[in-house]
Every structure is written in C-alpha cells, then in structure tokens.
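# Coordinate analysis (summary)
Residue-level listing of the chains:
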Amino acid sequence: MAAGLLLLPLLLPLLPPPGRGQGFGQTRFVCTSVPLDGDMCAAAALGTGSAEELKSTVLQLRETVLQQKETIMNQKETIRELTAKLGRCESQSVVEPPSGDGKGRKPSVSKTTMGDLSRTPAAETLSQLGQTLQSLKTRLENLEQFSRMNSSSQTNNLKDILQNKIDDLEKQVLSRVNSLEEGKFNPRNESEERGKIESTLTSLHQRISDLEKGQKDNRPPDRFQLTFPLRTNYMYAKVKKSLPEMYAFSVCMWIKSNASPGMGTPFSYAVPGQANELVLIEWGNNPMEILINDKVAKLPFVINDGKWHHICVTWTTRDGVWEAYQDGTQTGSGENLAPYHPIKPQGVLVLGQEQDTLGGGFDATQAFVGELAHFNMWDRKLSPGEVYSLATCSTKAQAGNVIAWAEANIDIYGGATKWTFEACRQLN
C-alpha cells in the first residue's frame with residue numbers, strides 16, 4: 001500500500017453493548033493510519049488519546065473565555081468609575097458649547113458667571129485679566145489722544161498715575177504666569193491674589209471712567225459708541241425705555257466686530273412669558289438671525305470683518321414680511337416671519353446680551369463682542385431712501401421715534417464702555 005501503511009478500520013467500541021443488535025447503525029468507525037509493522041492496539045490507544053487531548057483543550061479554552069469575561073466585567077466597572085470622576089471634574093470647569101442649528105434649538109450649557117471665577121482654571125483667569133488690561137490700555141490711549149487736544153497738567157498727571165498702575169498689574173499677571181509655568185504657584189493664595197488684582201482693576205476702571213466723563217460735556221448726546229471687549233455674561237447695556245405694542249418696526253445701528261465664532265447678540269427684547277420676543281443674534285457658526293416670538297429668519301449680512309457697517313431690519317406683522325439692509329443697500333427679504341403677531345409691550349431691551357429670562361439669564365457664549373452705535377428703532381417700516389440716508393449720514397436722517405440713540409437713555413454694566421463716535425467720519 002502507499003507509504004507502506006495499512007489502513008485498518010478500527011471498530012470503537014469493538015463489541016456492541018450487551019442486549020443490543022450488532023447492526024452498524026449503533027457503531028462508529030474511526031480510520032487510523034498504522035504502519036505495516038505496527039501494533040493495532042497501540043493505534044487504537046493513540047486514537048483514544050487524541051480525543052482526550054481535544055477534550056482537555058476544549059476545557060482549557062472554555063476556562064480562558066470565562067477568565068476573559070471576568071476581566072472585561074472588571075474593566076467595565078473601572079471605566080464607569082473613571083467616567084463618573086471625569087464628569088465631576090468637567091462639572092467644575094467651563095463647558096464649551098456644542099454647535100447648534102439656531103437660537104431656538106440651542107443646547108443647554110453651563111454658564112460662566114462672576115461667582116464661577118474661583119472654579120475657573122488659573123490659566124483662563126489670567127487670560128481674562130490680560131484681555132481686561134488690554135482694554136484699559138486702549139481706553140488710556142484714547143484719553144492720551146484727547147488730552148493732547150485739551151491739554152491740562154491735572155489730566156497729564158492722572159494719566160501718568162494710571163499708566164503706572166497698568167504697568168504694575170501687567171507685572172503681577174506676568175509673575176503669576178511664570179509661577180504657573182514653573183509649578184511654584186500655591187493655590188491657597190490664588191483667591192487672595194485674584195482679589196487684590198480685581199480690586200485694583202475696579203479702581204483703575206473707575207478712574208478711567210471719571211476721565212472719560214470729562215468728554216461728555218463736549219459732545220452731542222448721540223455721538224457715542226458702546227464697546228464690549230470681552231465675551232462675558234455680565235457686560236451689557238440696558239435701554240431705560242421699554243417698547244410699545246408694535247405691528248411694524250424698523251431697527252438700525254452701526255456695528256463693528258470680528259469675533260469668532262459669531263459676534264453674539266447685538267440686542268434682545270424680552271417680555272413676560274417670552275424671552276425671545278425680538279432678538280438679533282449671530283451664535284456659533286450660524287448666520288445672523290432675527291427672532292420674533294421665537295420664530296427665526298436668517299439674514300444675509302456679511303459684517304464680521306472688523307469694519308464698521310450700517311445694518312437695518314424692517315418688519316410688518318401683515319404676512320410677516322421683512323427686509324434686511326447692509327450699508328444702505330437691501331440685501332435680502334422674506335415673509336411669514338411671525339405673521340399677525342404684534343410685538344408685545346412692557347418688556348426689557350438689552351444691548352450686548354441674549355436674555356433667557358426677563359432682564360437676565362445671560363449666556364457668555366451668546367454675548368456680543370465688538371462695538372455698537374446709533375441704535376434706533378421706529379414703529380413703522382422705513383423706506384429704502386430713509387435707510388440710505390441713515391447709512392450715508394445724510395442731514396435728512398431722522399432718529400428713531402420709539403428708541404432714539406442718546407446717552408441719557410442707556411445704562412451700562414459690567415465694564416462695557418462709552419466712547420466718542422462720529423458716524424461716517426471714523427469708519428474703519
């Protein structure tokens with residue numbers, strides 16, 4: 001035979017059990033290769049040994065699977081514990097807002113409040129202090145320019161004192177940065193040091209504001225701008241006058257921003273029971289939108305370039321028709337925006353923040369960052385010619401009959417500032 005081997009069928013078991021027939025239906029045949037001079041009994045024993053080895057291997061594999069299953073269960077428990085710890089850590093830090101489709105569908109995010117500063121990471125706090133210092137330095141430079149035109153020894157002396165204070169604050173911030181980088185910063189002293197720096201900043205801000213007030217007597221009441229340098233939930237301006245019931249309106253303003261992502265909320269008007277009665281917002285990567293009674297229309301504005309732009313939005317309750325103007329030219333229009341819904345009276349009008357509750361509930365991620373001026377509102381739809389006159393600073397331009405831009409009509413909070421602004425003369 002081939003390879004000198006004899007294939008013998010070995011009958012296992014060799015004899016049928018007692019009481020049973022000898023039919024092949026109750027027997028199992030195993031073919032085993034046996035050498036010509038080999039022992040068939042040894043071959044049978046070898047076959048039996050292979051079956052035992054297979055059985056042993058199966059048991060070992062089953063035991064291994066059980067061990068791996070136990071290990072996986074332990075790892076899942078560890079993962080759950082780590083996830084819980086991570087969640088607790090994240091709840092104590094600033095949560096970045098996920099992207100949304102629009103204001104009406106925004107997700108809930110934790111808000112950065114003044115009381116949360118003690119839980120803000122030290123590096124972020126230093127960054128905010130640095131931005132505040134830069135804002136104060138810019139205001140001081142404007143004061144220097146003004147003092148050169150209206151020089152006085154008292155103004156110059158005060159300017160020197162303020163400049164020295166800013167230099168000292170910058171040194172303190174730089175020292176804290178170095179301490180953090182070297183790992184020598186003692187967290188026990190963080191609250192005390194932050195308190196000292198913020199106290200000095202408050203004093204510095206007040207003294208600069210006192211200097212700025214000296215200019216108010218020398219300018220017309222409407223020649224000013226509001227500046228919102230930081231994205232916070234406590235910096236805003238409030239219009240003292242509320243709105244009447246309106247079946248049409250036009251709102252116009254000069255605006256300048258290059259904030260990213262989104263310049264935020266130039267203004268919001270809330271009434272009892274409806275926080276989004278009238279809102280202009282550019283949030284996240286969405287285009288600028290206007291909301292009326294929580295209904296949304298996307299506006300075709302291209303203004304987030306760091307340059308001054310004049311924008312207007314008109315609306316009438318009949319069929320919800322709206323029009324958008326940029327720099328005196330109509331750029332878009334639409335209809336069915338909150339049709340036959342009059343703007344409700346007795347609300348709160350805020351500049352620079354979006355209201356989630358009446359007069360509050362501000363969210364830092366939706367705060368306006370930039371400059372704003374000549375915010376006017378009418379209870380009628382302006383014509384294209386009237387809008388063009390406003391955008392070109394024509395002598396024919398009229399102030400709003402509902403809200404007119406004047407310093408006496410606006411209160412500012414949280415570090416927002418007023419500064420001299422003359423439209424069409426200091427553009428870009």
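Fair warning: this is a prediction, and the values are worked out from it, not measured in the lab. (Residues numbered from 1 in each chain as written. Predicted model: local features only at pLDDT ≥ 70, side-chain atom pairs only at ≥ 80, totals over all residues. Heavy atoms only, no water.)

### Topic: the sheet that holds strand β7 (residues 274–282)
As summarised here, the arrangement of the 7 strands in space is β9-β8-β7-β6-β13-β4-β15, forming an open sheet in which the pairing is antiparallel. Here the strands that pair on one side only, and so sit at the sheet edges, are β9 (295–298) and β15 (410–413). Direction aside, the axes of adjacent strands within the sheet are offset by 20 degrees on average. Pairing analysis gives 4 bridges linking strand β8 (residues 289–292) to β9, with the strands arranged antiparallel. Its bridge partner being in β9, L291 is matched across the sheet by V296. (Pairing = 2+ DSSP bridges. Helix = DSSP H or I, 4+ residues; strand = E, 2+ residues; numbered from the N terminus. Axes fitted to C-alpha atoms, helices over the stretch in contact; angles between N-to-C directions.)

### Structural notes on the confidence of the model for the protein chain
Of all residues in the protein chain, 54% attain a pLDDT of 70 or more, and the chain-wide mean is 76. A low-confidence stretch, residues 1–24 (pLDDT under 50), is modelled with 34 contacts involving residues beyond four sequence positions or located in other chains. Counted against residues more than four places away or in other chains, residues 93–120, with its pLDDT under 50, gives 52 contacts. (pLDDT = per-residue confidence, 0-100. Contact = heavy atoms within 4.5 Å.)

### Focus: the state of the cysteines
According to the stated counting rule, one finds 2 disulfides in the structure shown. Disulfide pairing is shown between C252 and C312; the S-S distance is 1.9 Å. Of note, the bridge from C252 to C312 carries an S-S torsion of about 120 degrees and is right-handed in sense. Taken as a pair, C252 in strand β5 (residues 248–256) and C312 in strand β10 (residues 309–316) lie far apart in primary sequence, 60 residues in all. Two residues share a disulfide in this structure: C393 and C424, whose sulfurs sit 1.9 Å from each other. Its S-S torsion of approximately 85 degrees makes the covalent link between C393 and C424 right-handed. A residue pair is termed long-range when its members are at least 10 positions apart, and C393 in the loop between α5 (384–391) and β15 and C424 in the segment after β16 (417–420) qualify at 31 residues. C424 gets classed as partly exposed once you look at its relative accessible area, which sits at 35%. Should the bonded cysteines of the protein chain be numbered as they appear in the sequence, the pairing reads 1-2, 3-4. (Disulfide = S-S within 2.5 Å. Buried < 20%, exposed > 50% of the residue type's maximum accessible area, 1.4 Å probe, protein only.)

### Quick look at the pairing of β5
Looking down a regular strand, the side chains alternate between one sheet face and the other. For β5, a buried count of 8 out of 9 residues is recorded, marking the element as mostly surrounded by other parts of the structure. Bridge analysis of β5 against β10 gives 8 bridges, and the strand direction is antiparallel. Across the sheet, F249 pairs through a bridge with W315, a residue of β10. Where β5 and strand β14 (residues 370–378) come together, 6 bridges link them in antiparallel fashion. Paired with V251 across the two strands is M377, which belongs to β14.

### Section: the environment of Q274
Structurally, the position occupied by Q274 is in strand β7. The class of Q274 is buried, set by a relative accessible area of 16%. Among residues more than four places away in sequence, those in contact with Q274 are N293 and D294. Reaching out from Q274, the side chain makes a polar contact with the backbone nitrogen of N276 at a distance of 2.9 Å. (Polar contact = N/O pair within 3.5 Å; in protein donor to acceptor, adjacent residues only side chain to side chain.)

### Some points on the packing of aromatic side chains
A complete count under the given rule lists 7 aromatic pairs for this structure. Between F228 and F368 the ring centres are 5.7 Å apart and the planes differ by 75 degrees, which places this aromatic pair in the edge-to-face class. Within this pair, whereas F228 is found in strand β3 (residues 224–228), its partner F368 is found in the loop between β13 (348–351) and β14, the two being separated by 140 residues in sequence. When its relative accessible area of 1% is taken as the criterion, F228 is described as buried. Residue F368 is classed as buried on the basis of its relative accessible area of 1%. Ring geometry for Y236 versus Y413: centroids 4.8 Å apart, planes at 20 degrees, classification stacked. Placement of the pair is Y236 in strand β4 (residues 236–239) and Y413 in strand β15, with a sequence separation of 177 residues. Put simply, the rings of Y236, F362 and Y413 pair up and form one aromatic cluster. The ring of F224 has K418 lying over it, and the distance from NZ or CZ to the ring centre is 5.6 Å. (Phe/Tyr/Trp six-rings, centres within 6.5 Å; stacked < 30°, edge-to-face > 60°. Lys NZ or Arg CZ within 6 Å of the ring centre and 35° of its normal.)

### Side note on the pattern of salt bridges
Evaluated as defined, the whole model comprises 6 salt bridges. With a closest N to O distance of 3.6 Å, D411 and K240 form a salt bridge. Of this pair, D411 sits in strand β15 while K240 sits in the loop between β4 and β5, placing them 171 residues apart in sequence. For D411, a relative accessible area of 30% translates into the label partly exposed. Across the pair R380 and E386 runs a salt bridge, and its minimum N-O distance is 2.9 Å. (Salt bridge = Lys/Arg side-chain N within 4 Å of Asp/Glu carboxyl O.)

### Re the nonpolar core
Across soluble globular proteins, you tend to see nonpolar side chains buried next to one another. In this structure, L351 and F375 are the most contacted members of the largest nonpolar core, which totals 45 residues. The biggest single contributor to this core is β5, with 4 residues. Non-local contacts of F375, meaning those with residues more than four positions away in its chain, are made with V251, C252, M253, F267, L349, L351, I403, A404 and W405. With 7 residues, the next largest nonpolar core counts C312, W378, V387 and L390 among its residues. (Core = buried A, V, L, I, M, F, W, Y, C linked by side-chain atoms within 4.5 Å.)

### Here we look at α5
For α5, the full list of buried residues reads V387, S389, L390 and A391. Lining the buried residues of α5 we find β5, β10, β11 (321–326) and β14. After α5 finishes, the residue C393 shows a positive phi value of roughly 60 degrees.

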